[in-house]
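Listed below are the residues making up each chain.
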Amino acid sequence: MTNGSKRKEDVHLVNGGVKQSAWGKAFNSNAVWEEKDEFLDVIYWIRQIIAIILGVVWGVAPLKGFLGIAIFCIINAGVLYVYFSSFQQIDEEEYGGTWELTKEGFMTSFALFLVRILNALGLSSSLQLLFLSYATVMA
């Protein structure tokens, strides 16, 4: 394969056909996931993107306390549930059930969400680093 404008991860020739990248499949409804870990990686990273966006929004619009955390959890879990059950229409049992897919990467995204809130509220970088290191160890 020549080193052209397309990255090696984007296009692979497999038995004369073209294999899509994980992100190409992520935005393609009813994509076929040959590797289980590929789909779980997509779930993980989508959850991290959601956490960053919601963390900034919650920091700017001062949504605090239990209500803010509960709404984050509902949106985070709900968006991913709709994604894998309705958009991708995968067999949840193949991945360990609905609960396994719903909790994939959740604690890391929750820590990232809280750090984004701390940043948006203007708290010090050292406090953010301390919290992120603690949350990473606990996850």
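Above: the structure in question.
Rules used throughout
Positions within a chain are numbered from 1, following the residues in the order the chain's sequence is written. With pLDDT at 70 or above as the cut-off, local features in this predicted model cover only qualifying residues; side-chain atom pairs require 80 or more to be listed or tallied, and sums for whole chains, interfaces and linings still use all residues. The side-chain values count all of the structure's non-hydrogen atoms but skip hydrogen atoms and water molecules. Numbered from the N terminus, helices here are DSSP runs of H or I no shorter than four residues, and strands are runs of E no shorter than two. Only protein chains enter the area calculation, which uses a 1.4 Å probe; residues under 20% of their type maximum are buried, those over 50% are exposed, and those in between are partly exposed. Geometry of aromatic contacts follows a simple scheme: Phe, Tyr and Trp rings, the Trp one being its six-membered ring, pair when their centres are within 6.5 Å, and the pair is stacked under 30 degrees between planes, edge-to-face over 60, tilted otherwise.

(A) Just the environment of Ser-86, in detail. Its place among the elements puts Ser-86 in helix 3 (residues 65–87). Take Ser-86: its relative accessible area is 45%, and that puts it in the partly exposed class.

(B) Inspection of the environment of Tyr-95 at higher detail. Inspection of the secondary structure assignment puts Tyr-95 in the loop between helix 3 and helix 4 (98–103). You can call Tyr-95 buried: its relative accessible area is 6%. The spatial distance from the C-alpha of Tyr-95 to the C-alpha of Phe-39 is 9.3 Å, given a sequence separation of 56 residues.

(C) View of the packing of aromatic side chains. Here the structure, examined in full by the defined rule, presents 11 aromatic pairs. An angle of 25° between the planes, with centres 5.7 Å apart, marks the rings of Tyr-83 and Phe-87 as stacked. Placement of the pair is Tyr-83 and Phe-87 together in helix 3, with a separation of four residues, close to one helical turn. Relative accessible area serves as the criterion here: at 11%, Tyr-83 is assigned to the buried category. Residue classification places Phe-87 among the partly exposed residues on the basis of a relative accessible area of 31%. Through a chain of ring-to-ring contacts, three or more aromatic side chains come together here, namely Trp-58, Phe-72, Phe-106, Phe-110 and Phe-113.

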